[in-house]
Amino acid sequence: QPYFEAYFSEFLLCKNELNDTLNNLSCWMKDDHVEKNLVMQLDSAFIRKDPYGVALIIAPWNYPIHLFLVPLIGAIAAGNCVIIKASETPKTTKALMAEVLPSYLDKDCYAVVSAGEEGTTELLENKFDYIFFTGTSCRWGLMRVPPCRGCGVPAVTRPSPSSGAPAMGRIVMTAATKHLTPLTLELGGTNPCYVSDHCEVQIAARRVAWGRFFHAGQTCVAPNYVLCSAEMREKLLPALREAIAEFYGPNPKESPDFARIVDDEQFQRLRALLGSGRVAVGGQADERERYIAPTVLVDVQPSDPIMQESILGPILPIITVTGVDEAIDFINARERPLVVYVFSSDKKVVNQVLERTSSGGFCGNDTMMHLTLTSLPFGGIGNSGLGKYHGKFTFDTFTHHRACLHRNMGLEAINCPRYPPYNQQKLGLMTAAFEIKRKGMCTLL
């Protein structure tokens, strides 16, 4: 990964999360005092922020520092002990985390686990108070979760590579059911990007190309495919070709700013996906260097293999539609993605896509930049995940919000209407004291 991309994604964004947490933690930790009814005006009603206890964080391979540290920051801030299962790939990053982290954190409260397939299975058999799983496709091997004897949940084996992170999330969720453990699942998704006929083509092409080819496309929020009209495709293709040349030169293989694929397994998976549709830009591959050129595919069919999973590589399929309505129908006919992108100079088109689709996040006229804001929650919905994090949302994810009421031992007379024997007078008093009336209601006489 180029230094620029590594520093921005792995270090700067992590540092922002840390500083945002340190700047605001004293406020986040405070009890939230809530509204009270008439009977409890002299009592104390509040939400206490308690840690869950021992949390398990399972980190993926594509951003092994960022997706390791960001949830860890929130878990520590919330007061939890944490076991972190580092990704087996890249091996250097795994070794670094296992070596360095114990030097800075209490070994009795925080541990880094380097576990293979069997070790991960055994790890999930233990009882945790919270599980945070970030999954990307095909990185777990033939994992098996044993059946839960108490609840009858059957054994689950790792599915075929094409089923990817959602199926791996089901494995984790099945393991969590044994102990009724709450969890967050970040699973990625096939993120659509609609480019309307009314937009600045050159700008759209540069922003789409940056989002798709950043870190050689090995990003869960990268645009997975483009939807546009046939007319826009003819404009977009040369603009994408120009953007790729601008970013990486005439031969991206020689560019110091273009990353390589993380390992041989991912390289072979991606090379097979190049057989979908027709190559319009790029398409070159070098197995020795694990290099796949920035590639744009056309004439792709919805049934092609590349449309069945999160690509996590530098390949961008383009599918033609007649307009925004067909694009929305295409998006809604599939599982809800991690993010929906739309490019248009017409705000009505942007709002139309926003209002008529469902996804974990949404970004208009750009790609990936929404996740740089700690003020926005990041997470999926449905097949793309469960739960959210970033900034205060990470703290809240690892926090049990405990409902608390501390009453006064005196003034027992005001409690008498709730005690038996009951009568209509007591019911009237209780109704007057506890009823919440709808605001703005009018009574017709």
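Criteria and thresholds
- Residues numbered from 1 in each chain as written.
- Predicted model: local features only at pLDDT ≥ 70, side-chain atom pairs only at ≥ 80, totals over all residues.
- Heavy atoms only, no water.
- UniProt positions renumbered as here; feature names shortened; annotations may be inferred.
- Helix = DSSP H or I, 4+ residues; strand = E, 2+ residues; numbered from the N terminus.
- Buried < 20%, exposed > 50% of the residue type's maximum accessible area, 1.4 Å probe, protein only.
- Domains from an automatic or database assignment.
- Buried area = accessible area lost by both parts, 1.4 Å probe.
- Contact = heavy atoms within 4.5 Å.
- Axes fitted to C-alpha atoms, helices over the stretch in contact; angles between N-to-C directions.
- Parallel < 35°, antiparallel > 145°, perpendicular 65-115°, else oblique.
- Left-handed = near helix turned anticlockwise from the far one by under 90°.

The chain is annotated in an unreviewed UniProt entry as AL3B1 dehydrogenase from Nothocercus julius. Within the UniProt record for the chain, the comment given under Sequence similarities (unreviewed entry) is "Belongs to the aldehyde dehydrogenase family."

A. View of the UniProt feature "active site" (unreviewed entry) in the chain. UniProt annotation of "active site" (unreviewed entry) refers to Glu 186 and Cys 220 when read in the numbering used here. Taken along the chain, the residues just named run across 35 residues; in space they keep tight, none of their C-alpha pairs more than 9.3 Å apart. Tracing the backbone shows Glu 186 in strand β9 (residues 183–186). The exposure class assigned to Glu 186 is buried, which follows from its relative accessible area of 3%.

B. Main features of the domain arrangement of the chain. Each assigned domain of the chain is listed here: domain 1 (3–188 + 388–402) and domain 2 (192–376). Once you take the C-alpha centre of each, domain 1 and domain 2 turn out to be 29 Å apart. A buried area of about 2,000 Å², summed over both sides, lies between domain 1 and domain 2, and 58% of it is on carbon and sulfur atoms. The element that contributes the greatest number of residues to the side of domain 1 that touches domain 2 is helix α1 (residues 3–29), accounting for seven residues.

C. How the structure looks around the environment of Leu 123. Mapped onto the elements of the fold, Leu 123 is located in helix α4 (residues 117–124). The buried category is assigned to Leu 123, whose relative accessible area is 11%. Along the backbone, Leu 123 and Gln 352 are 229 residues apart, and their C-alpha atoms lie at a distance of 45 Å. Setting aside residues up to four positions removed in sequence, Leu 123 forms contacts with Leu 56, Ile 83, Lys 85 and Phe 128.

D. Local environment of the packing of helix α6 (residues 201–213) against helix α7 (residues 230–248). α7 packs onto α6 with a crossing angle of 60° between their chain directions and a minimal axis gap of 8 Å. Relative to α7, the element α6 lies oblique. In this structure, α6 crosses over α7, and the sense of that crossing is right-handed. Residues Val 201, Gln 202, Ala 205, Arg 206, Val 208, Ala 209, Trp 210 and Phe 213 of α6 touch α7, and the partners they reach there are Met 232, Lys 235, Leu 236, Ala 239, Leu 240, Glu 242, Ala 243, Ile 244, Glu 246, Phe 247 and Tyr 248.

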